[in-house]
Amino acid sequence: ILFDLATKLLENGTSVEVITSRRHLFSPVNLESQSMSLLNALSSKEIPYTVTANVDGDEDLAQRITDKTLGISISGEWIFSKRFISLFDGRFVNIHGTRLPRNRGGAGFSWMIMMGDRLGGSSVHLVDPGVDTGAVVASNYYSFPQWCRKPIEYQKFSQEKSLTLLLEFIRDIEAGQYFEAMPQREDLSTYWPRLHTGNHG
């Protein structure tokens, strides 16, 4: 999602900078039917990027955040501090591939398969110091088709829906649309821990 979103925003004339961890920099990305690292994909499209071990302690990054910066967390490696979140003054969101407040946390698609749950959704929510707990500002809901059986198939289908939601959200921001931030209902929330294939497979 990160690479596809950055590419589409640049094509539309929007200024973009990718902030990533070293681990994610070498994650696989599909570009024109070829698999390559995120590093090579970003370089091939001349998308500016910064690699940091900890966004909270990166003062150079903090100084580049302005009153026009929209921060979007996509599979972020970090739990963000209140101090870092405050730099965006309410313009920092996360995309989560479930119907929040249900299925917070990690390994969401594996847990959904084990529960027999085919109701999907993507949620754009404000970032707060919790894990996927911020107020929701945009969402979409859908059912996973029958061909989705493995986690990677759920992931591929969900990523397309999440990318569409993010692009619509950004277009609405550019159009000056007002967003109502809907607090998540804790009485409906569920949280699932990450899974490790070697231990849990």
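Here, every reference points to the structure presented above.
Numbers given for residues are sequential positions, taken from 1 along each chain in its written order. Where totals are concerned, whole chains, interfaces and linings use all residues; where local detail is concerned, this predicted model gives features only for residues with pLDDT of at least 70, and gives and counts side-chain atom pairs only at 80 or more. Note that water and hydrogens are dropped before the side-chain values are worked out from all heavy atoms of the structure.

Student: Please provide a residue-by-residue account of the pattern of salt bridges, values included.
Tutor: We define a salt bridge as a side-chain nitrogen of Lys or Arg found within 4 Å of a carboxyl oxygen belonging to Asp or Glu. Taken as a whole and assessed by the stated rule, the structure comprises 6 salt bridges. Here lysine 45 ties to glutamate 32 by a salt bridge, and the two come within 3.9 Å at their closest N and O atoms. Residue lysine 45 is found in the loop between helix 3 (38-44) and strand 4 (49-51), and its partner glutamate 32 is found in the loop between strand 2 (28-31) and strand 3 (34-37); the two are separated by 13 residues along the sequence. For the exposure calls, accessible area comes from a 1.4 Å probe over protein chains only, and a residue counts as buried if that area is under 20% of its type's maximum, exposed if over 50%, partly exposed in between. Note on lysine 45: relative accessible area 33%, which makes it partly exposed. Two residues, aspartate 117 and arginine 99, come together in a salt bridge whose shortest N-O distance is 3.6 Å. Of this pair, aspartate 117 sits in the loop between helix 6 (108-115) and strand 8 (119-126) while arginine 99 sits in the loop between strand 6 (92-96) and strand 7 (104-105); the two residues are 18 residues apart in sequence, bridging distant segments of the chain. In this structure, aspartate 117 and arginine 99 share a single accessibility class: buried. Secondary structure counts use DSSP, requiring at least four H or I residues in a row for a helix and at least two E residues in a row for a strand, with both numbered from the N terminus.

Student: Explain the environment of threonine 197 to me, using residue names and the numbers behind them.
Tutor: By secondary structure assignment, the location of threonine 197 is in helix 8 (residues 197-200). With a relative accessible area of 68%, threonine 197 lands in the exposed category. In this structure, the C-alpha to C-alpha distance between threonine 197 and aspartate 67, residues 130 residues apart in sequence, is 42 Å.

Student: If you had to explain the sheet that holds strand 8 to someone new, which residues and values would you point to?
Tutor: Across the sheet, which stays open at both edges, the 4 strands sit in the order 5-6-8-9 with mixed pairing between neighbours. Since the sheet does not close on itself, it has two edges, and those belong to strand 5 (71-74) and strand 9 (136-143), each with one partner. Put simply, the sheet's adjacent strands are angled 15° from each other on average, direction ignored. Pairing between strands is defined by DSSP: at least two bridges between them are needed. Pairing geometry for strand 6 and strand 8, over 4 bridges, is antiparallel. Residue pairing for strand 8: asparagine 94 is matched across the bridge by histidine 125. Against the sheet, helix 7 (residues 151-174) contacts strand 5, strand 6, strand 8 and strand 9, and its axis sits at roughly 145° relative to strand 9. Orientation is described by axes fitted as lines to C-alpha atoms, over the contacting stretch for helices, and by angles from 0 to 180 degrees between their N-to-C directions. Should any heavy atoms of two residues lie within 4.5 Å, those residues are counted as being in contact.

Student: Tell me about helix 1 (residues 2-11), and please be specific about residues and values.
Tutor: At 3.6 residues per turn, the α-helix brings residues three or four places apart onto the same side. Within helix 1, burial applies to Phe3, Leu5, Ala6, Thr7 and Leu9. If you follow the buried residues of helix 1, they end up packed against strand 1 (18-20), strand 2, helix 3, strand 5 and helix 7. Among the residues trailing helix 1, glycine 13 stands out with phi positive, at a value near 85°.

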